[in-house]
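Analysis of the macromolecular model
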Amino acid sequence: MDLPPYAPTLIESTRAIGYSLEAAVADIIDNSIAADAQHVDIFFFPIDGAYIAILDDGRGMNCDEINSAMQYGSKNPLAVRDAKDLGRFGLGLKTASLSQCRVLTVISKQGEHIEARRWDIDHVTGSGTWSLLILEDNDCSQIPHMADLLKCSSGTLIVWQNLDRLKVGEIKFEESLGRKVDAVREHLALVYHRYLAGEAGLRKLIIKINGTKVYAKDPFLSKKSAQAMDDETIIIHGEKITVRPYILPHLSKLSAEEINELGGKEGLRRQQGFYIYRNKRLLVWGTWFRMMRQGEMSKLARIRVDIPNALDDLWTLDIKKSSAVPPAEVRANLRSIIDKMAEKSKKTWTYRGKRETKDDISHIWNRLKTRHGGYIYEINRDYPLVAEMIDTHPEIKAELSMLFRQIETGIPLNALYLDLTNDEKIENDNDIQLSEIFKMVRQILETTEISQHGAMIETLIGSAPFNEFAADIKKMFQEGRFR
């Protein structure tokens, strides 16, 4: 029995798959990238005869290709695809477009040859069949931005009209569409940031919205962040998955522009985790896939995972390309990477961006674990400056001990926690300057016997923060600049 779906019912049902405007626009741009487009222009026209148009300068489509592109389920999702293909189900163009409008027009140009097709939901409902409209030249001349397409040697123009879904519940459609345009811009800047930045091996893509260029939004701040570990390669079914972990700089080390690029202070915590790319196009981000919790200490950790489209079925990629789940064999490899990343992120957060020190370096504060599982922070009595003070002034040793005890019990832990978790910049955390170190060393040596100066220098450079200036301190000492 041949039992085809009833066109009016199915076409209305697929509109409810759940596309947001930004995800729908991105689905169209995927096709532009697959067609080797270098420029994509998006136009939002919110007043009388409102429409959204997307124009690219890709290779365009001939008669058979445009018919296939407009057919529902034109490609088997299990079929082998070109390595650069960003599609999967053969539904994206139709479902993405008609989730936002009732009239979808696609016009494609190759040289002087033009093909135009249209899905009109009201026409399908009236005919009760999969009736695809073929547009003639006089029909095309009435389509917005047709003149722009004609200027291209090849390309494709997609126009959404009768934007019923976008108008639902909106009192002032113009204002609401303006806000949605901002969301589209942010989404495209992130999802295609590797294309927009012209990453090696990719054709650089230029996207404009109403004539304004969209700039790449790098979620890793690649030029400033630390690559926590070397790239790791996971081989699944003969296909490569590449994993690259990053540790972001602490917020106090970033400019306002960089913080905004990372999604703001709230976004920093919310967007930690895995960033899954399929053919360099971002699919899913800001999740640990339930392999660990989002936390304050891990919020600087972000892991880039590149997967090929040959493994789509294993990652259970959905139609909207907004959901993907790593298979069990991949999760096992990712879990070990997560453990290493979480520790490195914690250290970056704890040290507030300062250079990490070795275990044998003496610090002003000791962190001790109690029998009950808690921690005590105490001033290190063996720290060179503290020890020197006690030895030099034995008559006030008891008073110094009382003062240290008061400092230790009076640490404003609640205020510190509040400032740290709100990413406030703690000015005490600023790097100490060489001139200050020079002054401190001189003062210490002045109270030390000359015969002990060499030993004191060795003690100091084994302590923080003097250890970070060890070479300078040794050079100055040898030159006699502390005398």
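Preceding block: the structure.
Residues numbered from 1 in each chain as written. Predicted model: local features only at pLDDT ≥ 70, side-chain atom pairs only at ≥ 80, totals over all residues. Heavy atoms only, no water.

Here we look at the overall build of the protein chain
A tally of regular secondary structure across the protein chain gives 19 helices and 16 strands. Looking at the protein chain as shown, the accessible area adds up to about 25300 Å², and 51% of this sits on carbon and sulfur atoms. (Helix = DSSP H or I, 4+ residues; strand = E, 2+ residues; numbered from the N terminus. Areas by Shrake-Rupley, 256 points an atom, 1.4 Å probe, with all protein chains shown as cover.)

Observations regarding the sheet that holds strand β4 (residues 113–120)
Across the sheet, which stays open at both edges, the eight strands sit in the order β5-β4-β3-β6-β2-β1-β7-β8 with mixed pairing between neighbours. The open sheet has two edge strands with one neighbour each: β5 (133–134) and β8 (212–213). Pairing of strand β3 (residues 103–110) with strand β6 (residues 154–161), which is carried by eight bridges, proceeds in the antiparallel orientation. When the bridges of β6 are listed, Q110 appears paired with S154. Along the sheet, helix α3 (residues 63–70) contacts β3 and β4; its crossing angle with β4, the most-contacted strand, is approximately 20°. (Pairing = 2+ DSSP bridges. Contact = heavy atoms within 4.5 Å. Axes fitted to C-alpha atoms, helices over the stretch in contact; angles between N-to-C directions.)

Topic: helix α15 (residues 397–409)
Across its 13 residues, α15 extends 18 Å between first and last C-alpha, which sits within 8% of the 18 Å expected from 1.5 Å per residue. Those residues of α15 lying buried are L400, F404 and E408. Considered in projection along α15, the buried side chains sweep an arc of 75° and stay on one side of the axis. Exposed side chains of α15 directed beyond 90 degrees from the buried face belong to A398, M402 and Q406. Those residues of α15 hidden inside the fold are in contact with β15 (365–369), β16 (375–379) and α14 (384–392). (Expected span 1.5 Å × (residues − 1). Buried < 20%, exposed > 50% of the residue type's maximum accessible area, 1.4 Å probe, protein only. Arc of directions from axis to C-beta.)

Remarks on the environment of Q433
Structurally, Q433 is set in the loop between α16 (413–421) and α17 (434–446). For the pair Q433 and F469, spaced 36 residues apart in sequence, the C-alpha to C-alpha distance is 9.5 Å.

Points about the packing of aromatic side chains
The final tally for this structure, using the stated rule, is ten aromatic pairs. Plain terms: the ring middles of F45 and Y51 are 5.0 Å apart, the flat faces sit at 15° to each other, and that makes the pair stacked. Since its relative accessible area comes to 11%, Y51 is described here as buried. Ring geometry for F220 versus Y277: centroids 6.4 Å apart, planes at 40°, classification tilted. Here Y277 lies in strand β12 (residues 273–278) and F220 lies in the loop between β8 and β9 (226–227), a separation of 57 residues in the sequence. According to the relative accessible area criterion, F220 is buried, its value standing at 1%. By way of ring pairs, the aromatic residues F220, Y246, Y275 and Y277 are connected into one cluster. It is K167 that lies over the ring of F173; its NZ or CZ is 5.3 Å from the centre. Stacked on the ring of Y277, the Lys or Arg R194 has its end atom at 4.6 Å from the ring centre. (Phe/Tyr/Trp six-rings, centres within 6.5 Å; stacked < 30°, edge-to-face > 60°. Lys NZ or Arg CZ within 6 Å of the ring centre and 35° of its normal.)

Details of the pattern of salt bridges
Opposite charge on two side chains allows them to pair when their charged atoms are near. Applying the stated criterion across every chain, the model contains 20 salt bridges. R102 serves as the salt-bridge partner of E12, at 3.1 Å between the closest nitrogen and oxygen. Remark: R102 occurs in the loop between α4 (92–98) and β3 and E12 occurs in helix α1 (residues 7–13); sequence separation between them is 90 residues. Residue classification places E12 among the partly exposed positions, given a relative accessible area of 28%. In this structure, R194 and D306 form a salt bridge, with 2.7 Å as the shortest nitrogen-oxygen distance. Placement of the pair is R194 in helix α10 (residues 193–196) and D306 in strand β14 (residues 301–307), with a sequence separation of 112 residues. For the pair shown, R194 and D306 are each scored as buried. Connected through salt bridges with shared partners, the residues E12, R15, R102, D122 and D164 form a single ionic network. (Salt bridge = Lys/Arg side-chain N within 4 Å of Asp/Glu carboxyl O.)

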